[in-house]
Amino acid sequence: YKHILPLLDELKQNNIICVPLKGIILNQIIYKDTKLRQSGDFDILVQEKDLSKLTDFLISRGFVQSLDTKNLVPASKKMKIFYRMSTHEVVPFLKDTGDDFCPVLNLDVQFDIFSRAKHTRVYFPIEKLFDSLREINVNGHQTIYSLAPEYNLLQLSSHVFRDMTRIQDIRSGRDLRLIYFVDIYEFISHSITEIDWEKLASECLEYHCNHMLYYVLYHVELLFGPIVPRTFMEKIAVEDLQFVNRYAFEEIESFLWNMPFHQRLFDLSRKNELNSIDSSKLTESNRYSEVLSTY
């Protein structure tokens with residue numbers, strides 16, 4: 001926070017609209033304690049039209065785009081282009097702080113709240129998110145932007161949906177993190193009367209992302225019990241009853257889990273189910289891994 005808040009202030013002064021996501025927002029409006037929810041990086045959302053301006057600004061402040069958090073070796077031009085064209089974010093911006101407690105400031109810049117994988121892309125107009133920004137106070141004095149409550153819920157859910165179902169995240173064991181479900185449950189508990197449930201349902205149906213929200217909220221309620229208004233869940237429900245047990249939606253064909261959700265949540269061997277899949281059916285995942293290893 002010592003390093004990121006002055007940077008956000010400076011970005012605001014330079015008319016570069018950046019919206020913090022996840023940890024910063026949750027710590028301020030939900031957990032009320034910057035120490036309670038640990039973050040390895042800072043996620044911010046910008047509009048695509050501001051990416052060049054933001055990049056120039058960060059480089060001028062000593063940041064380098066790199067995937068190497070230890071040596072900060074600059075990413076190749078090909079890697080930067082791959083991230084820009086194939087994902088919803090750019091190669092992270094890293095900066096050596098000289099601070100033993102936080103040696104590297106890791107800024108994860110996103111320009112969409114949905115994955116841009118071939119078969120899961122959502123054409124949601126991101127400008128809608130920026131048209132309804134709010135301002136919140138951080139540490140009692142600095143003011144930062146925040147998404148409207150319904151859009152914060154949508155962003156949190158799209159992120160968890162991606163991690164829960166993407167092959168590469170299942171392989172690495174990043175697919176099921178209890179804290180993510182806690183985040184969403186606590187966010188809804190805190191914001192349930194502020195969220196415009198009617199608007200959120202309408203827009204999710206209009207832009208065909210209701211299935212992602214339903215998938216995540218279904219699993220949140222499996223863990224903690226009902227919390228979302230029933231009428232909302234009914235409106236965004238999907239017809240395929242097995243949908244909530246599937247994964248690998250980025251591929252042409254998705255797959256069903258054999259292991260039940262509650263068991264998977266605490267069993268790291270869940271990824272072994274991937275071994276039974278014919279690798280020729282994982283075209284998109286294999287391509288992504290190949291490109292990363294090549295560049």
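Above: the structure in question.
What counts, and where the lines are drawn
- Residues numbered from 1 in each chain as written.
- Predicted model: local features only at pLDDT ≥ 70, side-chain atom pairs only at ≥ 80, totals over all residues.
- Heavy atoms only, no water.
- Pairing = 2+ DSSP bridges.
- Helix = DSSP H or I, 4+ residues; strand = E, 2+ residues; numbered from the N terminus.
- 1 Å grid on protein atoms, 1.4 Å probe; cavity = no way out; pocket = protein on both sides within 12 Å on 5 of 7 lines; lining within 4 Å.
- Points joined across faces, edges and corners; volume = space filled by probe spheres on them.
- Nonpolar A, V, L, I, M, F, W, Y, C, P; charged D, E, K, R; others polar.
- Salt bridge = Lys/Arg side-chain N within 4 Å of Asp/Glu carboxyl O.
- Buried < 20%, exposed > 50% of the residue type's maximum accessible area, 1.4 Å probe, protein only.
- Axes fitted to C-alpha atoms, helices over the stretch in contact; angles between N-to-C directions.
- Parallel < 35°, antiparallel > 145°, perpendicular 65-115°, else oblique.
- Left-handed = near helix turned anticlockwise from the far one by under 90°.
- Contact = heavy atoms within 4.5 Å.
- Phe/Tyr/Trp six-rings, centres within 6.5 Å; stacked < 30°, edge-to-face > 60°.
- Lys NZ or Arg CZ within 6 Å of the ring centre and 35° of its normal.

Peer 1: Is there a simple way to explain the sheet that holds strand 1 (residues 19–20) in this structure?
Peer 2: Through backbone hydrogen bonds, the strands of a sheet pair up, either in parallel or in antiparallel fashion. Spatial ordering of the open sheet is given by 1-2-5-4-3, a layout of 5 strands whose pairing is mixed. The sheet terminates laterally at strand 1 and strand 3 (64–65), the two strands that pair on one side only. As judged from the 4 bridges shared by strand 2 (residues 42–45) and strand 5 (residues 104–110), these two strands associate in the parallel manner. What sits directly across from Asp43, in strand 5, is Asp108.

Peer 1: Any chance you could explain empty space enclosed by the protein here in plain terms?
Peer 2: Space left empty within the atom packing is revealed by a probe, the size of a water molecule, rolled over the atoms. A full pass over the atoms with the stated rule returns 5 cavities of 30 Å³ or more. It is helix 6 (residues 149–165) that provides the largest number of residues to the lining of the largest cavity, a total of 4 residues. Each residue belonging to the lining of the largest cavity can be placed in one class, and the counts come to 4 nonpolar, 4 polar and 3 charged. Approximately 80 Å³ is the volume found for the second largest cavity. Together, Leu8, Asp9, Leu11, Lys12, Ile16, Cys18, Pro20, Thr143, Ile144 and Tyr145 line the second largest cavity. Only helix 1 (4–13) and strand 7 (142–146) provide two or more residues apiece to the lining of the second largest cavity.

Peer 1: Explanation requested: the pattern of salt bridges in the structure shown.
Peer 2: Opposite charge on two side chains allows them to pair when their charged atoms are near. In the structure shown here, the tally under the stated rule is 20 salt bridges. Notably, a salt bridge pairs Lys22 with Asp43, separated by 3.5 Å at the nearest N-O pair. In this pair, Lys22 sits in the loop between strand 1 and helix 2 (23–31) while Asp43 sits in strand 2, placing the two residues 21 residues apart along the sequence. Of the charged contacts, one joins Lys128 and Glu203 as a salt bridge, the two residues approaching to 3.3 Å between their closest N and O atoms. Highlighted residues: Lys128 in helix 5 (residues 127–131) and Glu203 in helix 9 (residues 197–206), separated in sequence by 75 residues. Residue class for Glu203 comes out buried when judged on its relative accessible area of 9%.

Peer 1: Would you take a moment to explain the layout of surface pockets for this structure?
Peer 2: In this structure, the largest pocket spans a volume of roughly 1000 Å³. Listed by contribution, the elements that provide at least two residues to the lining of the largest pocket are helix 4 (77–86), strand 5, helix 6, helix 7 (167–172), helix 8 (178–191) and helix 13 (283–294). Of the residues forming the lining of the largest pocket, the biggest block, 5 residues, is contributed by helix 13. Residues of the lining of the largest pocket, tallied by class, amount to 10 nonpolar, 14 polar and 17 charged. Within this model, the second largest pocket holds a volume of roughly 580 Å³. Tyr1, Ser39, Phe42, Phe101 and Cys102 are, among the 21 residues lining the second largest pocket, the residues nearest its centre. When contributions to the lining of the second largest pocket are tallied by element, the ones reaching two or more residues are helix 2 and strand 5. Of the residues belonging to the lining of the second largest pocket, the class tally is 8 nonpolar, 8 polar and 5 charged.

Peer 1: What is the right way to look at the packing of helix 1 against helix 3 (residues 51–60) in this model?
Peer 2: The angle between the axes and the distance between the axes are what describe a pair of packed helices. Taken N-terminus to C-terminus, the directions of helix 1 and helix 3 make an angle of 130°; their axes are 12 Å apart at the nearest point. Compared by their axis directions, helix 1 and helix 3 come out oblique. The handedness of the crossing between helix 1 and helix 3 is right-handed. For the pair formed by helix 1 and helix 3, the contact residues are Leu7, Glu10 and Leu11 on the first element and Leu54, Phe57 and Leu58 on the second.

Peer 1: Any chance you could explain the pairing of strand 7 here in plain terms?
Peer 2: In summary, the side chains of a regular strand alternate between the two faces of the sheet. Of all the 5 residues making up strand 7, 4 are buried; the element is thus mostly covered by neighbouring parts of the structure. As paired elements, strand 6 (residues 134–138) and strand 7 share 5 bridges and run antiparallel to each other. Looking across to strand 7, one finds that Val138 is bridged to Gln142.

Peer 1: Which parts of the structure should I look at to understand helix 9?
Peer 2: Every α-helix winds through 3.6 residues per turn, so residues three or four apart in the chain are directed the same way. Residues of helix 9 that are buried include every one of Trp197, Leu200, Ala201, Glu203 and Cys204, and no others. In the core, the buried residues of helix 9 are packed alongside helix 5, helix 6, helix 8, helix 10 (210–224) and helix 11 (230–236). Two residues or fewer after helix 9 comes His208, characterised by a positive phi angle close to 55°.

Peer 1: Mind showing me how you'd approach the packing of aromatic side chains here?
Peer 2: Given two aromatic rings, one states the distance between the centres and the angle between the planes to describe the pair. Scanning all chains against the criterion turns up 17 aromatic pairs. Seen in terms of ring centroids, Tyr185 and Phe224 are 4.9 Å apart; in terms of plane orientation they differ by 45°. Their pairing is tilted. Pair noted here: Tyr185 is in helix 8 and Phe224 is in helix 10, with a separation of 39 residues, a long-range link. These aromatic residues form a ring-pair network of at least three members: Phe114, Phe124, Tyr151 and Tyr207. Sitting over the face of the ring of Tyr145, Lys12 holds its NZ or CZ atom 5.0 Å from the ring centroid. The aromatic ring of Phe111 is capped on one face by Arg84, whose charged end is 4.9 Å from the ring centroid.

Peer 1: Explain the environment of Phe266 to me, please; I cannot follow it from the model alone.
Peer 2: Its place among the elements puts Phe266 in the loop between helix 12 (261–265) and helix 13. For Phe266, a relative accessible area of 64% gives the class exposed.

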